[in-house]
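Chain and residue survey
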Amino acid sequence: MTAAADRARMDPQLMLLLELQDLRAQRKELAESEQAGQVESEHFHIDPTAAGQELDLKIAELEGELDPGVRARYERILPSRDRVVVPVINGVCYGCFVSIPTATAGDQESHTDVQGCEHCGSFIYILG
Amino acid sequence: MKLRQLFTLDGVNLELESESKDDILKELIQLLDLEEKSEAILFKTLKRRENLGSTGIGKGIAIPHCRSLVVNELRLAYGRKPGGVDFNAIDGEPVYNFFLIVAPPLEVSNQYLPVLGKIAQFAKDPDIPGKLTEMEDPQDFLDLLEDRAP
Ligand SMILES: [Zn+2]
């Protein structure tokens, strides 16, 4: 495998989790921010209610593609936390703001495994 | 914060080369200089937003936008496609000017929606599409924002 192909490789389950996290962020915004609905309908002619329902369907569909183990953990985290996947920036987990040991962070470099923060249990994604 | 302060020269490309909606999105994403994996996620999230309804607001302008975990601060980019491209815009016309806006899920300063509104407002100024067509280098874009953008 070329270096470029290796860099682009990502565990499909992590990819799904990240997609789900992003969709949930859009969904939450439409549900909770009046301004979001206003901007989307005024400038982009989007019906916020219909868009929300469409996002719900997509979220449910992607959740169905999670492996049972990942799904179980996802559902455990969900009720207690706003975000299922959190970024790790400069070695700090943005779910709990605790420093993640360098070794754990180092293992994440390849993003080939779905891993979590040992402290708060969130799935993590290393950023920059 | 004024729009001018949110753009940098690196985030401006006046000669987009792509010929399809998907490829234009990818070319815009490249202006943000993210890791390849993050680019792939961002592309999927932007596509999902486009599937809800095109961000082509008419008059040759599109404003692809989303929140994504892959950025840690509000990021903006501007791209121009001189020949235009079909972006399923609201008016059915080709799109020449693209403003990309990506925000993290949580922002301390909560600038995302106000900035999105400001870009839309700027783009709807009847003078602006013509001014965007006339620009010769990326600095002209920043100067135009300085002069005309909220
Ligand atoms: Zn944590």
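See above for the structure.
Residues numbered from 1 in each chain as written. Chains lettered and ligands numbered in written order. Predicted model: local features only at pLDDT ≥ 70, side-chain atom pairs only at ≥ 80, totals over all residues. Heavy atoms only, no water.

Okay, the interface of chain B and chain A next. Every contact between the two is made by 35 residues of chain B and, on the other side, 40 residues of chain A. Approximately 3,100 Å² of surface area, both sides summed, lies buried where chain B meets chain A, with 61% of it carried by carbon and sulfur atoms. Seen at the junction of chain B and chain A, the total is four salt bridges. Across the pair Glu-29 of chain A and Arg-67 of chain B runs a salt bridge, and its minimum N-O distance is 2.8 Å. Seen at the junction of chain B and chain A, the total is 11 residue pairs in polar contact (both at pLDDT 80 or more). Taken together, the elements giving at least two residues each to the side of chain B that touches chain A come down to helix H2 (36–52), strand S4 (65–67) and helix H3 (112–124) of chain B. Ranked by residue count, the leading element in the side of chain B that touches chain A is H2 of chain B, at 11 residues. Partitioned by chemical class, the residues of the side of chain B that touches chain A number 17 nonpolar, 10 polar and eight charged. (Contact = heavy atoms within 4.5 Å. Buried area = accessible area lost by both parts, 1.4 Å probe. Salt bridge = Lys/Arg side-chain N within 4 Å of Asp/Glu carboxyl O. Polar contact = N/O pair within 3.5 Å; in protein donor to acceptor, adjacent residues only side chain to side chain. Helix = DSSP H or I, 4+ residues; strand = E, 2+ residues; numbered from the N terminus. Nonpolar A, V, L, I, M, F, W, Y, C, P; charged D, E, K, R; others polar.)

A few words on the pattern of salt bridges. Overall, the coordinates contain 15 salt bridges over all chains when judged by the stated rule. One salt bridge connects Arg-49 of chain B with Glu-40 of chain A, and the closest N-O pair in it is separated by 2.6 Å. Taken as a pair, Arg-49 of chain B in helix H2 and Glu-40 of chain A in helix H3 (residues 34–44) lie in two separate chains rather than in one. A relative accessible area of 7% places Arg-49 of chain B in the buried class. Note that Arg-148 of chain B is salt-bridged to Asp-125 of chain B, the shortest N-O span being 2.9 Å. You can see Arg-148 of chain B sitting in helix H5 (residues 138–148) and its partner Asp-125 of chain B sitting in the loop between H3 and helix H4 (128–134), a full 23 residues away along the chain. Bridged by salt links that share partners, the residues Glu-19 of chain A together with Lys-44 and Arg-48 of chain B form one connected network. (Buried < 20%, exposed > 50% of the residue type's maximum accessible area, 1.4 Å probe, protein only.)

Let us look at the coordination of the zinc ion. Residue and element names in this part refer to chain A. Taken together, the protein ligands of the zinc ion are Cys-93 (SG), Cys-96 (SG), Cys-117 (SG) and Cys-120 (SG), with distances of 2.3 Å. Around the zinc ion, the four donor atoms are arranged such that angles at the metal cover 108 to 112 degrees; this shape is classified as tetrahedral. Expressed as a motif, the donor residue spacing for the zinc ion is C-x2-C-x20-C-x2-C. Remark: Cys-117 occurs in the loop between helix H6 (102–108) and strand S3 (123–127) and Cys-93 occurs in strand S2 (residues 92–93); sequence separation between them is 24 residues. As far as burial versus exposure is concerned, Cys-93 and Cys-117 are alike and both buried. (Donors = N, O, S within 2.8 Å, 3.2 Å for Na, K, Ca; no water. Tetrahedral: all angles 85-135°; square planar, octahedral: opposite > 155°, others 65-115°.)

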